[in-house]
Amino acid sequence: MTTSTEPVVAADGLPLKRSLARALRRQKIRALLLIAPLLLFIVLTFLVPIGNMLLRSVDNAIVEETIPRTVEALRGWDEAGDVPPGEDVFEALYADMLIATDAKRHTRLGSRLNYESSGMSSLFRKTNERRLGRFELEQPLAPQFEDIDEDWITLETWRVIKSNSDPVTAGYFLAAMDLRATPTGIEPVSDLQAIYVKLFVRTMILSVTITAMCFLLGYPIAWILANLPSRSANMLLILVLLPFWTSLLVRTSAWKVLLQQQGVINDLLVWVGVLADDNRLAMINNATGTVIAMTHILLPFMILPLYSVMKTISPTYLRAAKSLGATDWTAFWRVYFPQSVPGIGAGAILVFILAIGYYITPELVGGTDGTFISNRIYYHISSSLNWGLAAALATILLAMVLALYWVYDRLVGIDNVKLG
Amino acid sequence: MSLPSYASTGQTVWYYSFRVICGLIFAFLIIPILVIIPLSFNAQDFFTFTPEMLRLDPAGFSLKHYQDFLSDSGWQQALRNSFIIAPIATVIAVSFGTLAAIGLSQSHVPFRGTIMAILISPMIVPLIISATGMFFFYSKMGNFLEDQLGWDQNFVGYIKIILAHAALGIPFVIITVTATLVGFDKSLTRASANMGAGPVRTFFKIQMPLILPGVISGGLFAFITSFDEVVVVIFIGSANQQTLPWQMFTGLREQISPTILAVATILVAISIVLLTTVELLRRRSERLRGMSPG
C-alpha cells in the first residue's frame, strides 16, 4: 500500500478532511448562536409588526365574522340584477344582528362598511337591540327592516355587503389609489374625493425638490471639506455634525421661530427695508416652509457620504487634467465629477428615502399644501380610525421605498453606501 | 487648494466667490441652531428679538423660561420618561447588537447577506411605516400582556416603547461595531485561548477593551435615536409615556410657548456633549489602528 492512498489523519485519529469539516460546522453554529438572539429580537419587534401591517391592509374578516349567516345566504343572490335579496337573507340578517347587537359589534361593522359607502354607519347604528326586539317574527321580515331604514331594501346596500363578504379585500388598496369597486368594475372616485394620488405625487415632488436642494448645497460643502487641510476641515466638519446630532424637534422649532410672519427673518427684512411691514413673507405653513426646514434637517445626510467619497479622490487627477490642457470646468466636469458619483448616489438615496417618510416636520411647518402622505397615514390611525386604509397607504409607501432600493442597488450597489 | 500666484482674474473671482458661497451654506446649517440660544433667555414671551435684547440691555434677558421648564410637572414627567426609556433601550440594543456583530464578523457565516439585511432593516424602512406596523402589533401585544398576564398598564406602556426603540437603535450598533471589528486582529483571541483563557474571559479581557470605542459610539447613536424619536412614541405610547420630544411636538403644534426654546437649548447642549464624545472616540480608534496621524 502506498502512502498516497492513505488518508491524512488529525491528532485524534479521524481523517483530516472530516475533522476540518467538523471544525467548520462548529464555527458556523457558534456564529449563528451569537446572532440568533438579536435576529429573533428584530423579527419579533420589527418584522412581525411590518408583516402584520401588510396583512391588515387586505384583511376584511370583520364582515364574515359579524354576519356569517347573511354572507352565506347572499351567495345565492345576483348582485347584477335589479331585485333586492329575498326573505331568506333577511331571516339570516335578523339572526346575525341579534347576536351582533348583543355583543355590541354591529356599530363596528357599520363603520367598516361606511368606508365603502357613506350611510352604512348610521344604518347599522339604527338597527339596534331595541328595534330588533320589536320585530314580529310571524310577519315577513323585509318590510320590518324597511321600517327601520329604507336603505335596507336598496340594491346599493346589499351590493356593498356582498362585495365585502370575502375575508380578503382589495378595497383599501383601491381607496388608497382613489379607485373604488362597483358591480360594473373598478372606477375612479369623484374628483372631490380623490386625494391620495395627488398626495403621493406631492410627496414625490417635494422629496425630489428637497433632494435636489440638498445636492446643490451639499456638493460645494463636501468639496471644500475634502480639499482643505485636515485641521481646518475637522473644524468645519463640526458645523455639519452639530446639526446632525441636534434633535429634530429643536431644528424644526428653530425654523418655526425664524420663518414666522412675526419671526426673525421677516423682522430682519423689514428692518433692512426690503419688505414693507404689512407685506411680510409667508414662509411657513406651506410647501416653502417644508422644503426649507427639511433641506436643513437632511443636508448632513447628503454631505457626509459625499465627503467620505471625495476624500478618496486624489487631487493629482485634477492637476493631470489641467496640465494636459483642460480648463478648470472641463477638468472638474470630465474628471472629478464622475468619480464623485457614488457619493451623490448614496447621499441622494439616503435623503430621498428619509424625506419620503417624514412626518414631524411637514406636520409642524407644512400647513395644508406642504404635508406628505405620512400625515394622512397618521390621520387615519388617530382620527378617522380607518386602520385598513392607513395600512394600505403605508404598504404602498413601503413598496415604493423598496423599489427605489432595488433600482439603487442595480445602479450603484448597496454596499457603496457609506455613513460618515 | 490655495490660489496659485499665476491665477487669472476669473479664477481669483471664482476662488473668493466660491468661499463666500460655502460660508453662506455653513451659515444656513448652523445659524438656526445658534439663534434659539439667545432667544431662550428672552424676558418676554416672544419668539423674536425684542428691542431690549438688541440693545443688550440686561432687562431684556431672563431665565424665566428655564424656571418654567424646571417647575412645570408636564415637562418634568417628560424629562423623566426620556431618561427612563432611552438608556434601557440603549442597553438592550448594545448588548444584543454587540453579540450579533461579533457573530457576523466570524469568517464563516451562512446567509450573512440576508441576516445583515434583516438586522439593519429598521434603519432602512421609513419611520412612518415602522410606526404604523408597530401601532397595530404592539397594541395587540399590550392587550395580551395586560389581560392574560395581568401586568400593569403603565408598565406595559413603557415596555412597548422600550422594545420599539431598541429595535430602531440596533442597526447603528451593528454598523459601528462591525466596522470596528474589521480592524480587529484575530490572532489576539487565539493567543489568549492558547494561554488557557476560556471564551468568556477572552471576550471580556481581550476583545471587549479593544472594540469598546465602537461599542460606545454605537451605543450613543442608539441613545440619540431613542432620545430624539417622536413618531413611534406618538403612535404606540399613551399620555403617561410622554417623552421630551413628544412634549415639544405637542407644544409646537398647539400652544406654542417659549419654554420650548429653553428645552431646545438644553438639548443642543446635550448633543454637543454627545458629538464631542463620539468624535474623540472615533479619533482614538483611528489612531490605534494607525489610520490617521493625529
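Residues numbered from 1 in each chain as written. Chains lettered and ligands numbered in written order. Predicted model: local features only at pLDDT ≥ 70, side-chain atom pairs only at ≥ 80, totals over all residues. Heavy atoms only, no water.

So, helix α9 (residues 155–163) of chain A
Count 3.6 residues to each turn of an α-helix, and residues three or four apart come out pointing the same way. Among all positions in α9 of chain A, only T157, W158, V160, I161 and K162 of chain A are buried. Against α2 (61–66), α3 (68–74), α4 (87–102), α5 (106–114) and α6 (120–126) of chain A lie the buried residues of α9 of chain A. (Buried < 20%, exposed > 50% of the residue type's maximum accessible area, 1.4 Å probe, protein only. Helix = DSSP H or I, 4+ residues; strand = E, 2+ residues; numbered from the N terminus. Contact = heavy atoms within 4.5 Å.)

Section: the packing of helix α8 (residues 187–194) of chain B against helix α9 (residues 199–228) of chain B
All names here are of chain B. Close contact between α8 and α9 brings their axes to 10 Å; oriented N to C, the two are set at 160°. When the interaxial angle is binned, α8 and α9 end up roughly antiparallel. Viewed along their axes, α8 and α9 form a crossing whose handedness is right-handed. Contacts between α8 and α9 involve L188, T189 and S192 from the first element and T202, I206, Q207 and L210 from the second. A class-by-class count of the residues in the contact of α8 with α9 yields three nonpolar, four polar and no charged. (Axes fitted to C-alpha atoms, helices over the stretch in contact; angles between N-to-C directions. Parallel < 35°, antiparallel > 145°, perpendicular 65-115°, else oblique. Left-handed = near helix turned anticlockwise from the far one by under 90°. Nonpolar A, V, L, I, M, F, W, Y, C, P; charged D, E, K, R; others polar.)

What about the layout of surface pockets?
Its boundaries defined by the atoms lining it, the second largest pocket holds a volume of some 1,300 Å³. Elements with a contribution of two residues or more to the lining of the second largest pocket: α11 (196–227), α16 (315–323) and α17 (328–356) of chain A together with α1 (9–39) of chain B. Top element by residues in the lining of the second largest pocket is α11 of chain A. It accounts for seven residues. Of the residues belonging to the lining of the second largest pocket, the class tally is 23 nonpolar, four polar and five charged. (1 Å grid on protein atoms, 1.4 Å probe; cavity = no way out; pocket = protein on both sides within 12 Å on 5 of 7 lines; lining within 4 Å. Points joined across faces, edges and corners; volume = space filled by probe spheres on them.)

Comments concerning the UniProt feature "transmembrane region" (unreviewed entry) in chain A
Residue and element names in this part refer to chain A. UniProt annotation of "transmembrane region" (unreviewed entry) refers to residues 31–50, 204–226, 233–250, 287–309, 341–360 and 387–408 when read in the numbering used here. Taken end to end, residues 233–250 is 89% helix and 0% strand, and its first and last C-alpha atoms sit 26 Å apart. Regarding residues 287–309, the helix share stands at 100% and the strand share at 0%, and the terminal C-alpha atoms are separated by 32 Å. (UniProt positions renumbered as here; feature names shortened; annotations may be inferred.)

Some words on the UniProt feature "transmembrane region" (unreviewed entry) in chain B
Residues and elements named next belong to chain B. According to UniProt, the positions carrying the feature "transmembrane region" (unreviewed entry) are residues 20–41, 83–104, 116–138, 158–184, 210–236 and 256–281. Within the segment residues 20–41, helix and strand shares are 91% and 0% respectively, and the terminal C-alpha atoms sit 31 Å apart. Helix makes up 93% of residues 158–184 and strand 0%. Its end C-alpha atoms lie 37 Å apart.

A word on the pattern of salt bridges
Residues and elements named next belong to chain A. Across all of its chains, the model carries eight salt bridges over all chains by this definition. Between R112 and E116 there is a salt bridge, with its nearest N and O atoms 3.0 Å apart. Taking relative accessible area as the criterion, R112 reaches 5% and is therefore assigned buried. A salt bridge links K322 to D328, with the nearest nitrogen and oxygen atoms 3.6 Å apart. Exposure remark for D328: the relative accessible area of 34% places this residue in the partly exposed category. (Salt bridge = Lys/Arg side-chain N within 4 Å of Asp/Glu carboxyl O.)

Notes on the UniProt feature "domain: ABC transmembrane type-1" (unreviewed entry) in chain A
Mapped onto this numbering, the UniProt entry annotates "domain: ABC transmembrane type-1" (unreviewed entry) at residues 200–408 of chain A. Here residues 200–408 of chain A runs as 79% helix and 0% strand, with 20 Å between its end C-alpha atoms.

So, the packing of aromatic side chains
A full pass over the atoms with the stated rule returns 39 aromatic pairs over all chains. For the ring pair W255 of chain A and F28 of chain B, a centre distance of 5.6 Å and an interplane angle of 45° mean the geometry is tilted. Here W255 of chain A is found in helix α13 (residues 248–259), whereas its partner F28 of chain B is found in helix α1 on a different chain. Members of the aromatic cluster, each reached through a chain of ring pairs, are F215, Y219, W223, W329, F332, W333, Y336 and F337 of chain A together with W14 and F18 of chain B. (Phe/Tyr/Trp six-rings, centres within 6.5 Å; stacked < 30°, edge-to-face > 60°.)

Here we look at the interface of chain B and chain A
On the chain A side, the residues contacting the 83 residues of chain B number 84 residues. Buried area between chain B and chain A, both sides added, is near 7,600 Å², and the carbon and sulfur share of it is 83%. When residues of chain B are sorted by the area they lose upon contact with chain A, F26, L29 and F136 of chain B head the list and together hold 9% of the total. At the boundary of chain B with chain A, the tally comes to one salt bridge. Taking the shortest distance from any N to any O, the salt bridge between R253 of chain B and E363 of chain A comes out at 3.0 Å. Seen at the junction of chain B and chain A, the total is seven residue pairs in polar contact (both at pLDDT 80 or more). (Buried area = accessible area lost by both parts, 1.4 Å probe. Polar contact = N/O pair within 3.5 Å; in protein donor to acceptor, adjacent residues only side chain to side chain.)

Side note on the domain arrangement of chain A
Segmentation of chain A into domains returns domain 1 (61–167) and domain 2 (196–416). For domain 1 of chain A versus domain 2 of chain A, the distance between C-alpha centres works out to 52 Å. (Domains from an automatic or database assignment.)

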